[in-house]
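# Architecture at a glance
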Amino acid sequence: MADKNACMTCGGRGGLCGGKGIATLKEGVWTNNPLAIQVLGICSALAVTNKLSNSLVMGCAFLFVCVGSNLFVSLLRNNIPHRIRMIAEVAIIATFVILFDQFLKAYYWEMSKQLGPYVGLIITNCIVMGRAEAFALQNPPIVSIVDGVANGIGYGVALAIIGFARELFGSGQVVLGNLVLDLGYWYTPNQLMILAPGAFFVFGVLIAFFNLVKGGDGEEDKK
Amino acid sequence: MSKMRYNIYTVVFAATLGLVCALLLTAATQVTRTKQEENKKAEEIRNILTALKAPFDSQAGADELITIFERNVVEQSLGKKDPLTLYVYKPEGSDEIVAVAVRFIGPGLWGPIKGFLALEPDYKTIRGVTFYEQEETPGLGGEIVTEDFCSRFEGKQIANEQNEWGVDIMIVSGEQVGVNKISGISGATMTCDKVQEMMNAIIETLAEKRGADGR
Amino acid sequence: MRVLLKIFEKISPIFEEGGKLAAIKPLYEAIENFCFAPSAKARCAPFSRDPLDIKRYMTMVIIGLLPCVVASLYFFGLRVIPMIIVSYMTGGTVEVVFSIIRKEPIAEGFLVTGLIFPLILPPATPLWMVALGCAFGVFVGKEVFGGTGRNLFNPAIVGRCFLVLAYPAVMSSSWVKPGHGITGRLLEYVSSANIEAITSATPLVEAKHGLEDMSHMFMGLDISGCLGETSALMILCGGIFLLLTKVANWRTVVSILGSAVIFEAILHRVNPEQFAPGMWHLFAGGLMFGAFFMATDPVSSPSTNEGKWMYGILIGVIVILIRNFSGYVEGMMFAILLGNIAAPIIDEMVFSVRLRLLKNE
């Protein structure tokens, strides 16, 4: 997997990422998780997480776009005129998003239909834009890729957790390819979980969990 | 860099970036276009075949579906003005019409509903119904896509005992229903009303066009 | 009573700090308070001017609800009792757990929520759903916001809303045909297994096919619906009691009912074919029950008098809009929730206008 390679290459002191690799990875996945800690990109998190499979594909799309845009923004970081840097970033992000969307439409039609406009809406996802603007613009390409991977995984895993919970409680079973986890006939599916409001409750629990485990900078400090 | 040169550089950079992105996307679209169109067509065909009760492998890919469709189903247009497309099911090798299907579209409760209505060759008995592209309330109106609901239409007539066109979707539990009465989904009165409305519209159009065609 | 007081005096030390059962002190206090006057006074809304403290306030509401409970027993049978018990048990458990975690005394507000909640459910709602809905309502509707007095929404309505969205099919097919005659269904236990008694129609559902007779709707005879909402007469008995004791604010009630009836009457005038008469809607569904017992909740409604008028009109108009122009036949639940959301803003607006007037003087 790409993230492992990236990790190995930058593990050594003063490696390809200048020693920033693991810290970057940890930051994106855990301490500064884009969804659960920064609470960004909620639109798609609420809309597509009604099924585990949808969440996973969305996570992949996000990973692809985030890595791609981070890489290219980072490569061009010394050439992009400051005045139009935002527009340039959006153009790069949009290109990757549309590439992925076209690919889904051609080879995974069913999935593309289920995700609807939300793959396209990654263009407006503030996490991608934020990473490009805040990280890739100041850092060399390889560590930018690591950052993209970290955020992609952080976002994707958070989506997958929400998707899993919603599909399990919302339809009584989780289907992923040939794997089926069934709660059994005694369980009455909770339709609220399938609806977008259900995502809010799961999402709230997820944020609470992250804050609880991470401990710390929530409101408890203020007491 | 002087201001003038910086401006020119900005424009050139923007133009180049735009050009590269545009080229990439055009290439991607060109490569995937045929695939995408096939997928779109296959989805429609899947619905038509299901309504017509034509046998097909549910795992079949897009191109297989298109072949099955082309071999078994003939598209006919009915009426001279605004022709209505009929999908006539003649199993391969025989000349006998087994069923016909028409598409219907109408507003649902939250968004448009599309579907196909298939009739026996007598143009009166319902052979099958499918719904697709609906956004009804999950668990209530959304149940229209289930096999359980669609199968309630099978064998019903599209006209009542007095030969008045139209189906009637009733939300009454445990009551004997008439030849054109279909039991609806309890709790989804609005969706059922809309479905009834759009189906009756297509039934009337069909009757009208067939009358005009002098068949 | 004196004997009881002595017992309480005797056992109270073990609940004090350092005592054996100090952890469940809130539980002890609640029981003591329920039997005698509470020792602590309210610190936040519902505010009380002597002699109306929270406890007496809640007791009044419960007395006001009694006619509806009696009516529901008559119309829908003995199943009402387990529903109320289950609701009290689950909601009470959540309440007790939270007050122990917070080390705060148990607030009596729950006594009302636990009784109102089953009254706004369809009669054949499965008991596990009553439990789940009540627990959800108390947890998300109240405890998450910080407990009694800090809730944004009416907890009972949050619980019902959860059930309606989560189990729409069950909720819309759990209506029971009401009993009639002298005993009604008083001697029966009707559950969803009893197919003959189950109907899918309430007057609002049936409205498209024909209107139920208004005098029936007033008395609640032969009217299916949620447990407590069917008999307008019984609601009036309890509701007027609440108005007379000033537990429910008349401004809220009058503005909700008035605006709903007037708005519907205008619609009816415009197109009598499509819209039912205003008075008919007054007696249909949960409009009256909600206006008297739920929208008047002092915590989740505005605290200024002008605000109460605006709040009431907002709810009344939304109910009619939802009933006539949306996919739902009954809109009282959503209307009150929306009203609850708007309540703090309404108060804020009233305050800022008042301030501006003061400055100009």
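Structure: see above.
From a predicted model like this one, the values you see are computed outputs, not experimental measurements.

### What to know about the interface of chain A and chain B
- Opposite the 21 residues of chain A that make contact, chain B presents 20 residues.
- For the pairing of chain A and chain B, the buried interface totals around 2,000 Å² over both sides, and the portion due to carbon and sulfur atoms is 69%.
- Of all residues in chain A, R83(A), Q102(A) and W109(A) bury the most surface against chain B, accounting for 27% of the area lost on that side.
- Summed over the shared surface of chain A and chain B, the number is 1 salt bridge.
- Residues E43(B) and K113(A) are paired through a salt bridge, measuring 2.4 Å at the closest nitrogen-oxygen approach.

### So, a nonpolar patch on the surface
- On the surface, L78(C), I81(C), I85(C), M89(C) and Y189(C) cluster together into a nonpolar patch covering about 470 Å² of accessible area.
- In this fold, I85(C) is placed in helix 4 (residues 80-102).

### Considerations on the nonpolar core
Residue and element names in this part refer to chain C.
- In this structure, I116, F289, F293, M294 and I315 are the most contacted members of the largest nonpolar core, which totals 94 residues.
- Element by element, the count of residues in this core is highest for helix 3 (residues 54-76), at 11 residues.
- Among all residues touching F289, those that are not within four sequence positions of it are L65, C68, I116, L119, I120, G228, E229, I235 and M294.

### Points about helix 2 (residues 62-72) of chain B
All names here are of chain B.
- Looking at helix 2, one finds that the buried residues are A62, L65, I66, F69 and N72. Here the buried residues of helix 2 occupy an arc of 150° about the axis, which is enough to place them on one side. Looking at helix 2, the residues exposed on the side facing more than 90 degrees away from the buried face are E70 and R71.
- The elements touched by buried residues of helix 2 are helix 1 (3-52), strand 1 (73-78) and strand 2 (84-89).

### A few points about the pattern of salt bridges
- Counted according to the given criterion, the structure contains 13 salt bridges over all chains.
- E120(B) is the partner of R127(B) in a salt bridge, and the nearest nitrogen-oxygen pair spans 3.5 Å.
- With a relative accessible area of 17%, R127(B) lands in the buried category.
- Between E330(C) and R323(C) there is a salt bridge, with the nearest N and O atoms lying 2.7 Å from each other.
- Among the residues examined, R323(C) registers a relative accessible area of 8% and is labelled buried.

### Focus on unusual backbone geometry
Residue and element names in this part refer to chain B.
- We note that K53 has phi near 60°; this positive angle belongs to a residue other than glycine.
- Tracing the backbone through its elements, the reader meets K53 in the loop between helix 1 and helix 2.
- Given the relative accessible area of 38%, K53 is considered partly exposed.
- In this structure, Y123 is a non-glycine residue whose phi angle is positive, near 55°.
- With respect to the secondary-structure elements, Y123 resides in the loop between strand 4 (112-119) and strand 5 (126-132).
- Of the residues examined, Y123 reaches a relative accessible area of 9% and is grouped as buried.

### Quick word on the packing of helix 5 (residues 109-119) of chain C against helix 6 (residues 127-141) of chain C
All names here are of chain C.
- Packing of helix 5 against helix 6 leaves a shortest axis separation of 11 Å and a crossing angle of 145°. Two packed elements cross with a definite hand, and for helix 5 against helix 6 that hand is right-handed. When helix 5 is examined against helix 6, the residues F110, T113 and F117 are found in contact with a partner set consisting of V130, G133, C134 and V138.
- Residue composition of the contact of helix 5 with helix 6, grouped by class: 5 nonpolar, 2 polar and no charged.

### Quick word on the packing of aromatic side chains
Residues and elements named next belong to chain B.
- All chains considered together, the criterion is met by 29 aromatic pairs over all chains.
- Ring geometry for F104 against F131: centres 5.8 Å apart, planes inclined by 80°, an arrangement best described as edge-to-face. Of this pair, F104 sits in strand 3 (residues 99-107) while F131 sits in strand 5, and the two are 27 residues apart along the sequence. In this pair, the class of F104 matches that of F131, namely buried.
- Ring geometry for F131 against F149: centres 6.1 Å apart, planes inclined by 35°, an arrangement best described as tilted. Placement of F131 in strand 5 and of F149 in helix 3 (residues 147-151) is noted, with a sequence separation of 18 residues between them. Comparing F131 with F149, the two get one shared label, buried.

Rules used in this analysis
- Residues numbered from 1 in each chain as written.
- Chains lettered and ligands numbered in written order.
- Predicted model: local features only at pLDDT ≥ 70, side-chain atom pairs only at ≥ 80, totals over all residues.
- Heavy atoms only, no water.
- Contact = heavy atoms within 4.5 Å.
- Buried area = accessible area lost by both parts, 1.4 Å probe.
- Salt bridge = Lys/Arg side-chain N within 4 Å of Asp/Glu carboxyl O.
- Patch = residues over 30% accessible without salt bridge, like charges linked within 9 Å, V, L, I, M, F, W, Y side chains within 5 Å.
- Areas by Shrake-Rupley, 256 points an atom, 1.4 Å probe, with all protein chains shown as cover.
- Helix = DSSP H or I, 4+ residues; strand = E, 2+ residues; numbered from the N terminus.
- Core = buried A, V, L, I, M, F, W, Y, C linked by side-chain atoms within 4.5 Å.
- Buried < 20%, exposed > 50% of the residue type's maximum accessible area, 1.4 Å probe, protein only.
- Arc of directions from axis to C-beta.
- Axes fitted to C-alpha atoms, helices over the stretch in contact; angles between N-to-C directions.
- Left-handed = near helix turned anticlockwise from the far one by under 90°.
- Nonpolar A, V, L, I, M, F, W, Y, C, P; charged D, E, K, R; others polar.
- Phe/Tyr/Trp six-rings, centres within 6.5 Å; stacked < 30°, edge-to-face > 60°.

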